Amino acid sequence: LNGFFHCCGFNSMGMMLGGGVGREVANWVVDGSPSVDMFSMDIARFHPDTPRDNRWVEDRTHESYAKTYSIVFPHDEPLSGRGARKSSLHDLLLEQGCVHQTRHGFERPGWFVPGADTRIKEYDFFGAYEGTISGLDREVIPKHEEHQYNDLLEGELTFGWGKNVDLVRKEV
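All of these numbers come straight from a predicted model, not from anything done at the bench.

Trainee: Before we move on, can you summarise the nonpolar core with the specific residues and values?
Mentor: Buried together is how nonpolar side chains tend to be arranged in soluble globular proteins. Judged by nonpolar contacts, Leu79, Val99, Trp111, Val113, Ala116, Tyr123, Phe125, Ile133, Val140, Tyr149, Leu152 and Leu153 together constitute the single largest core of 12 residues. By residue number, the principal contributor to this core is helix 4 (residues 148–154), which donates 3 residues. Residues in contact with alanine 116, not counting those within four places in the same chain, are Gly97 and Gln148.

Trainee: Which residues make up the pairing of strand 1 (residues 98–103), and what values go with them?
Mentor: Judged by how many residues are buried, strand 1 sits mostly within the fold: 5 of 6 residues are covered. As judged from the 6 bridges shared by strand 1 and strand 2 (residues 106–112), these two strands associate in the antiparallel manner. Bridging from a neighbouring strand, cysteine 98 pairs with phenylalanine 112 of strand 2. Linking two consecutive strands that pair antiparallel, namely strand 1 and strand 2, is a turn of 2 residues; a positive phi of about 60° is found at histidine 104 within it.

Trainee: Describe unusual backbone geometry, listing the residues and the values that go with them.
Mentor: The phi angle of most residues is negative, glycine excepted, and most peptide bonds adopt the trans form. Even without being a glycine, histidine 104 presents a positive backbone phi close to 60°. Looking at the secondary structure, you find histidine 104 in the loop between strand 1 and strand 2. Among the residues examined, histidine 104 registers a relative accessible area of 40% and is labelled partly exposed. A positive phi is found at phenylalanine 126, a non-glycine position, where the angle reads about 55°.

Trainee: A description of the side chain of asparagine 164 should follow, citing residues and the corresponding values.
Mentor: As for its placement among the helices and strands, asparagine 164 is situated in helix 5 (residues 164–171). Its relative accessible area of 12% is what places asparagine 164 among the buried residues. Beyond its immediate sequence surroundings of up to four residues, asparagine 164 is in contact with Trp111 and Glu156.

Trainee: Help me get a handle on helix 2 (residues 54–66), residues and values and all.
Mentor: The terminal C-alpha atoms of helix 2, which comprises 13 residues, lie 18 Å apart, in line with the 18 Å expected from a rise of 1.5 Å per residue. If you check which residues of helix 2 are buried, you get Trp56, Glu58, Asp59, Arg60, His62 and Glu63. Near the N-terminus of helix 2, the side chain that reaches the backbone nitrogen of arginine 55, with its oxygen 3.0 Å away, is that of aspartate 53.

Trainee: Can you lay out the pattern of salt bridges for me, pointing to particular residues and giving the numbers?
Mentor: Enumeration according to the criterion identifies 10 salt bridges in this entry. Overlapping salt bridges bring together Arg55, Asp59 and Glu122 as one network.

Trainee: I'd like a description of the packing of aromatic side chains, backed by residues and values.
Mentor: How two aromatic rings sit relative to each other is given by the distance of their centres and the angle of their planes. In this structure the tally under the stated criterion is 5 aromatic pairs. Look at tyrosine 123 and phenylalanine 125: their rings are 4.8 Å apart centre to centre, the planes differ by 50°, and that puts the pair in the tilted class. Judged on exposure class, the residue tyrosine 123 and its partner phenylalanine 125 are both buried.

Trainee: Describe a nonpolar patch on the surface, and please don't skip the residues or the numbers.
Mentor: Nonpolar side chains collect at one region of the surface, where Phe5, Trp28, Val29 and Val30 lie side by side and expose about 390 Å² of accessible area between them. Mapped onto the secondary structure, valine 29 falls in helix 1 (residues 13–31).

The rules behind these values
- Numbers given for residues are sequential positions, taken from 1 along each chain in its written order.
- With pLDDT at 70 or above as the cut-off, local features in this predicted model cover only qualifying residues; side-chain atom pairs require 80 or more to be listed or tallied, and sums for whole chains, interfaces and linings still use all residues.
- Hydrogens and water are ignored here; the side-chain numbers use all heavy atoms of the structure.
- Here, nonpolar core refers to any group of buried Ala, Val, Leu, Ile, Met, Phe, Trp, Tyr and Cys residues whose side-chain atoms link them within 4.5 Å.
- Burial classes follow relative accessibility: with a 1.4 Å probe on protein chains only, a residue under 20% of its type's maximum area counts as buried, one over 50% as exposed, and anything between as partly exposed.
- Secondary structure follows DSSP: runs of H or I at least 4 residues long count as helices, runs of E at least 2 residues long count as strands, and numbering of each begins at the N terminus.
- We call two residues in contact when some of their heavy atoms are within 4.5 Å.
- Each pair of strands is called paired provided DSSP finds at least two bridges between the two strands.
- Each residue after the first adds 1.5 Å to the expected span of a helix.
- Here a polar contact is recorded for every N or O atom pair within 3.5 Å, except that within protein the pair must consist of a potential hydrogen donor and a potential acceptor, and residues adjacent in sequence are included only if both atoms are side-chain atoms.
- Any Lys or Arg side-chain nitrogen found within 4 Å of a carboxyl oxygen on Asp or Glu counts as a salt bridge.
- Stacked, tilted and edge-to-face pairs are distinguished by plane angle, under 30 degrees for stacked and over 60 for edge-to-face with tilted covering the rest, among Phe, Tyr and Trp rings (Trp via its six-membered ring) whose centres lie within 6.5 Å.
- Without a salt bridge and with relative accessible area above 30%, a residue can belong to a patch; like charges are then joined within 9 Å and nonpolar side chains (Val, Leu, Ile, Met, Phe, Trp, Tyr) within 5 Å.
- Only the protein chains shown count as cover for residues, and the accessible areas themselves come from Shrake-Rupley with a 1.4 Å probe.

Here it is as structure tokens:
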């Protein structure tokens, strides 16, 4: 619908983001575009299948909320809502030590760590709950004692080059 601006669904983030988002929506209405990139606020940043999956929404919402005050590193990858869309080569690449990244709900190859277990384990809510999780009435997954994929991501939490750069150089 042309000329219709919809700005809701912020949950508690609305109090924190409301002023800036309001300013940008006003710019959009008056000037035809916001003055900053608003893609991170656009529901279209998700593949249409992902918001229709209640488990994906619950897991990703929790992780997003849990990371609210975390430093946002450019190469961070979510642990929740993974595996929704895979290529036919996904499992073969995984056997070769592929560290997958998710984009638009699709698991894509990032880099390889030969011999590593790079499987992404089921989202464990960072071990924050006991019993059942509300919403979907599913059993809580205990916090993973080991999660090599997550450990590999820790090396990417930097504003410079991540630890995988040397591995990629060797591949070339």
